[in-house]
Amino acid sequence: MNSNTPVEDTIRAKITAAFNPQTLEIYNDSHLHSHHKAMASSTSKETHFRLVITSDAFDSKMQPARHRMVYALLRDEMALEGGIHALQLRTLTPSEEERQQKKKDDEAKAKAEAKALRAEARAAQEAEAET
Amino acid sequence: MFTRTVASTLLRASARPAAFRAPAHALRASLSPWAPLSGLTPFQARLISDQTRTAIDKAVASAPVVLFMKGTPETPQCGFSRAAIQILGIQGVNPEKFAAFNVLEDPELREGIKEYSDWPTIPQLYVDGEFVGGCDILVSMHQGGDLAKMFEEKKVLVEGEAEAEKKE
């Protein structure tokens, strides 16, 4: 049976083969852009993609170089008439991903602590008001 | 924010043949050590005409901060170009040190800039003649603070902007 998402399948296959990614998230945002003027003549449901790729292949490379690696890999799909029109990229190394995840966790933790503190203060205030 | 309209000087430049009389390599030599052709095969490098390359060289050198975008700063024609403009505005880039080029106005520029930068999408940001990145790189540099640092180092921000922000 033919796939309903040939472009997405190609992206996944190519990136998996080339970068052996630790994380690969593919989001098809095409439906958000179907009303765009540039999309008026397009019938494809696979025009706008957003990728999150974590791979060792990006080690010691600046962001533009990492993006160019992905663009080069998908050159044909992007050049094709009615192919990929927009490709958003987030390219990380495993250690960067770990750092970002830790930052996110820390922020969530700090937020939770602040919330607990506020609740405590409120409780103390209410207790005071009662006496 | 940007109030000044920066029209495409590329079209005007191409109306002046004198602009192209200097050999392309002489003009290119004045650019940064960054080599825009590094990722291209000889076949691809041949697709872009010397005239287009020279015109883009001039565009890139026309201001410290140069954005190739779809539409104008006032009316961007694409969400990614709009995001780029908004970030430059939030950062407080001095309009006098900024130029925007609307690739939709000029098919040659639209195709040429992709090859020139070895970058298949629009918008594209150049600072001091060097390619910085597209919308995603701008967003992540903006969030990570790297963009503010770079703009400060390159002295392209509206003066007093940093202090004004501190007071808020």
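Residues numbered from 1 in each chain as written. Chains lettered and ligands numbered in written order. Predicted model: local features only at pLDDT ≥ 70, side-chain atom pairs only at ≥ 80, totals over all residues.

Per an unreviewed UniProt entry, chain B is named Monothiol glutaredoxin-5, mitochondrial, and its organism is Cylindrodendrum hubeiense.

If you check an unreviewed UniProt entry, chain A appears there as BolA-like protein from Cylindrodendrum hubeiense. UniProt, in its Sequence similarities (unreviewed entry) section for chain A, records the words "Belongs to the BolA/IbaG family." (UniProt positions renumbered as here; feature names shortened; annotations may be inferred.)

Enquirer: I tried to follow the overall build of chain A on my own but got confused; where do I start?
Expert: Across its full length, chain A holds four helices and three strands. Tracing chain A from N to C terminus, the helices and strands come up as α-β-β-α-α-β-α. Here the C-alpha atoms of chain A give a radius of gyration of 22 Å, more than 25% beyond the 14 Å that 2.2 N^0.38 yields for 131 residues. Overall, chain A is about 75 × 40 × 30 Å in size when its C-alpha atoms are taken along their principal axes. Per-residue burial for chain A yields a buried fraction of 22% across its 131 residues. Excluding contacts between residues fewer than 6 apart, the proportion of contacts in chain A whose partners are at least 24 apart in sequence is 61%. (Helix = DSSP H or I, 4+ residues; strand = E, 2+ residues; numbered from the N terminus. Rg over C-alpha atoms; globule rule 2.2 N^0.38 Å. Buried ≥ 20, exposed ≤ 12 C-beta atoms within 10 Å, placed from the backbone. Contact = placed C-beta atoms within 7 Å.)

Enquirer: What is the right way to read helix α1 (residues 6-19) of chain A from this model?
Expert: Think of an α-helix as 3.6 residues a turn; residues three or four steps apart then line up on the same face. Residue and element names in this part refer to chain A. Taking 1.5 Å of rise per residue, 14 residues should cover 20 Å, and α1 covers 20 Å from first to last C-alpha, within 8% of that figure. Within α1, the full set of buried residues consists of V7, I11, I15 and F19. All buried residues of α1 lie within an arc of 55° about the axis, which places them on one face of the element. Relative to its buried face, α1 has exposed residues pointing more than 90 degrees away, namely P6, A13 and A17. Packing partners of the buried residues in α1 comprise β1 (23-28), β2 (48-54), α2 (63-73) and α3 (75-79). Just downstream of α1 lies N20, where phi reads positive at about 40°. (Expected span 1.5 Å × (residues − 1). Arc of directions from axis to C-beta.)

Enquirer: Hey, could you run me through the sheet that holds strand β4 (residues 130-133) of chain B in this one?
Expert: Strands in a sheet are paired, the pairing made by backbone hydrogen bonds, and the direction either parallel or antiparallel. Residue and element names in this part refer to chain B. In spatial order, the strands read β2-β1-β3-β4; together these four strands make up an open sheet with mixed pairing. The sheet is open, and its two borders are formed by β2 (98-102) and β4, each paired with just one other strand. When strand polarity is set aside, the average angle formed by the axes of neighbouring strands in this sheet is 25°. With three bridges connecting them, strand β3 (residues 124-127) and β4 associate as antiparallel partners. For V127, the partnering residue across the bridge sits in β4 and is E130. Across the sheet, helix α5 (residues 79-91) touches β1 (65-69), β2 and β3, and the angle it forms with β1 is around 160°. (Pairing = 2+ DSSP bridges. Axes fitted to C-alpha atoms, helices over the stretch in contact; angles between N-to-C directions.)

Enquirer: Explain the interface of chain B and chain A here, please?
Expert: By a frequent convention, interface size equals the accessible area lost on bringing the separate parts together. The interface of chain B with chain A comprises ten residues on the first partner and eleven residues on the second. Secondary-structure elements contributing two or more residues to the side of chain B that touches chain A are β4 and α7 (135-144) of chain B.

Enquirer: Explain the nonpolar core here, please?
Expert: The tendency in soluble globular proteins is for nonpolar side chains to be buried side by side. All names here are of chain B. Core analysis: the biggest nonpolar cluster contains 53 residues, and V66, L67, M69 and A84 have the highest contact counts within it. Of all the elements, β1 adds the most residues to this core, at five residues. Sequence-distant contacts of L67, defined by excluding residues within four places in its chain, comprise A84, L88, A100, P123 and L125. (Core = buried A, V, L, I, M, F, W, Y, C linked by C-beta atoms within 7 Å.)

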